[in-house]
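Structural overview for review
Spelled out, the chains give:
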Amino acid sequence: MTDQENLLAEDSEQINFKEIILKYLRYWYLFLLATIVFFGLAYLYLRYTTPQYLVTTSILVKSDQQSGGLTESAVFNDIPGFKSSTNIDNEIRLLKSQSLMYRVFNELDLHVTYYGEGRIKDPELYGNSLPFRVITNKLDTLSHNKVITVHLRGNNVYNIEYNEKVSTHKFGQSVNLGFGEFTIVSAPARNREGMRVRVHFHDTEKVASNYSNRLVVEKDQLAWSSALMLSLVDPVPEKGVDILNKLIEVYNKEAVEDKNVIAANTIEFINERLKFLTDELTDVEKDVEEYKRERRLVNVGTEAEMYLQGRTGYDQQLAEYDLQLEILSSIENYLSKGDNDFGLVPSSLSIGDPTLQRLIDRFNELQLERQRLLLTNKPNNPLVQNLAEQLNDLRLNILENLRNIQQSMELTRSNLQANFAQFESKIEQVPLMEREIQAISRQQGIKEGLYLYLLQKREESALSLAATVSNSRVIDPATAGSIPVSPESSTFYMYALILGLGVPFAFIFVKEMLNNKVQEHKDVDKATATPVLGEIAHKRSGESLVVTKDSRSPVAELFRLIRANLQFANAGKENKVMLVTSSASGEGKTFFSLNLGASLALSGKRVVVVDFDLRKPSLLQNLAMTNDFGITNYLVTENTPINDLIKPTKVSPNLFLVGAGPIPPNPSELMLLPKIGELIEGLRQRFDYVIIDTSPVGQVADAFSLSAYIDVSLYLIRYQFTEKEQVKIVDDIYKKKKLKHTMIVLNDARKGGGYGYGKGYGYGYGQEKKKGFFGRLFGK
């Protein structure tokens, strides 16, 4: 493309863009109305929607060493395989547990909520805004979702409205309404006589579950940090603060309780073992005493000292394995007892087996979970029974693992004893008494070592029980934001603005898409190459004749513009006989014919307007004249002179009319008579211009029978009336030359939008077109 063509294309796009803007600006009132409506709806929504506030807090979860308490195996952390650590994910799961939130709601008495009376919405009352409190003594499941209305009457008296019944009570008096028993206590120093408050009773489990799901617990972004951020969105900020603070309090309290239970069970287990070991150690010491007394032994000779040095190492190893086997046996006996089915296993002591460690940890976790469930459930609950089955399976697995470890240790011990026996064979000369005393002493050493070890652990457990502290530390106490997080006013007003502009835009766009009428000048340009003579503005008055001597309206001026365009339409050729037609009735043919004739007559020309619409004549009626004699009479009679058909008008002495006459039964046949040509020729000789108003060619073909007698064809297209498909009719007429010198006149143009009267044909009524009538007509 050349530079000139590019500039023309850009100019065309700019014009189209401006036309689109103008088209939508025609409906400015819709955009304004929609924006006001949506802003109003947004305001009402924000005004009467309960705001939601964000409540946040943060805590630091301590490690087991920092918390000062006992975990399942913390007493025996010095033994490999039994070291434990705090899992931050487990703490998050615990904080979001429904059982923890259930305890929070019970301690805060949040199963009862209070609502005041408002004009549109009822605000929730909480804390200092409460005029009284409901203390529930006994409620059954029937109380769930029950609502009562309390009306404060004064003098320590109030009314309760429930099930359309009203009862009177005093503050502090027990009330029983069939679903439970409760007491209403007045708030101190508050006189709110006449106030009405709705009291709702809720299912604590459901409400706790709802808040547990809404609670958000997140880790600190720092990988090494064990801090947790808790947040909750609630319509009552004070209530949300109390819930989070109480949640942390209950969380720490349960952690302390769990550690105390573990410590108590550990001390009980150690005491049982110490009692058993005390008896065994006493027996061994008595055996040593009896053996020496019987054999009168004071000092054993040093004869086998050289052999004993080699045997000492194996003896020490055998002692260690004996100690481990003893501990395993103790744990096995503890698990095998029936009264320890639901007790915690404190440790596997010095046995460094990871599988056994995991099984015991899992066993203790399930025990704690079962104890927590028993706080709110009965033992026959399916969840509790399911945990009991899992515990039984784990106990069997632990016992099986213990036996496997014992078998492995027994095998190793057998190997050590075999090596030990080699040295024994070398000291056979050592007296039998020496060997026996050594065996007894070894047993005594094992018992003494285990006894001292358990004494130490019992003291550590007792110290931990007394020094247990909370599992977490509050970093920032719960606080509520002063600005609601929902609904956000800026967001809703932005949506209101988008909808206020978008809905009218979509409505107009869809309306235009579904509208099959000619709406813009370019709709005609796209559909046909027929030249456009001009446009006629929208007529606001109800008068048929708008062109008079003194008229200066836009419609009259545009008729004068069309009159001027006609002088150049045929480049000097004669334009005496003009045919006016259209696609359908109602497009303004008669109105155009009459006013064009008036415009030409005012310029000093003799003009006659002929009503050739024999099927639906209306020319004379528009000027309040009778149509009893006209063309029909001329065609069906032999000697009717043409002058008898011509009627003068009061508009101008140069403007005359010829009526259609009575409606004939065969108008199509009459239009083919030779007298038609004689009539038109006679009028041509008598007048400067002959304007023929005919039937619409889109409905009947009467106008085509006049094509031989005319000089110019004017085709009326009316905005917002003529269908786009009907423009193809005039395009076909123009291309096939069915009528002479066909030109289009656009009728009923309105200011603004995509079309406008006078566009391209002068100044003061619109902007100049790039290619107007003469450019279309002469191909320039």
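Here's a quick rundown of the structure.

Here is what the cut-offs are and how they apply
- Residues numbered from 1 in each chain as written.
- Predicted model: local features only at pLDDT ≥ 70, side-chain atom pairs only at ≥ 80, totals over all residues.
- Heavy atoms only, no water.
- Salt bridge = Lys/Arg side-chain N within 4 Å of Asp/Glu carboxyl O.
- Helix = DSSP H or I, 4+ residues; strand = E, 2+ residues; numbered from the N terminus.
- Buried < 20%, exposed > 50% of the residue type's maximum accessible area, 1.4 Å probe, protein only.
- Arc of directions from axis to C-beta.
- Pairing = 2+ DSSP bridges.
- Axes fitted to C-alpha atoms, helices over the stretch in contact; angles between N-to-C directions.
- Contact = heavy atoms within 4.5 Å.
- Right-handed = clockwise from strand over helix to strand, strands pointing away.

With that settled, consider the pattern of salt bridges. With the rule as written, the count across this model stands at 24 salt bridges. The salt bridge partner of Glu124 is Lys239, with a shortest N-O separation of 3.1 Å. Taken together, the residues span a long stretch of sequence, with Glu124 in strand β3 (residues 124-125) and Lys239 in helix α7 (residues 237-295) at a distance of 115 residues. Put simply, Arg103, Glu107, Lys246, Glu249, Lys253 and Glu254 are held in one network by salt bridges that share partners.

It is worth spelling out helix α4 (residues 88-95) at this point. Among all positions in α4, only Ile88, Glu91, Ile92 and Leu95 are buried. Take α4 and look down its axis: the buried residues cluster within an arc of 100°, on one side only.

Let's shift gears to the sheet that holds strand β13 (residues 472-480). Strand order in this open sheet of 4 strands is β11-β12-β1-β13, and the pairing throughout is antiparallel. Two strands lie at the open edges of the sheet, namely β11 (216-219) and β13, each paired on one side alone. Recorded for the sheet is a direction-independent mean angle of 20° between the axes of neighbouring strands. Inspection of the sheet shows strand β1 (residues 53-61) paired to β13 by 6 bridges, in the antiparallel sense. Bridge pairing in β13 places Leu60 opposite Arg473. Lying over the sheet, helix α6 (residues 204-214) contacts β11 and β12 (227-234), oriented at roughly 125° with respect to β12.

Across the sheet, 6 strands lie side by side as β3-β2-β10-β5-β6-β7; this open sheet has antiparallel pairing. Looking at strand neighbours, the two that pair on one side only are β3 and β7 (165-170), the edges of this open sheet. In the sheet, strand β5 (residues 146-154) pairs with strand β6 (residues 157-162) via 5 bridges, with the strands oriented antiparallel. In the strand pairing of β6, Gly154 is matched with Val157.

Looking now at the pairing of strand β20 (residues 712-718). Counted residue by residue, β20 has 6 buried out of 7 residues, so it is predominantly covered. Pairing between strand β15 (residues 577-582) and β20: 5 bridges, direction parallel. If you follow Leu579 over to β20, its bridge partner there is Ser713. Where β20 meets strand β21 (residues 742-749), 6 bridges bridge the pair, whose relative direction is parallel. Note that in β21 the partner of Ile717 across the bridge is Leu746. One crossover worth recording links β20 to the parallel β21 by way of helix α20 (residues 727-736), and it is right-handed.

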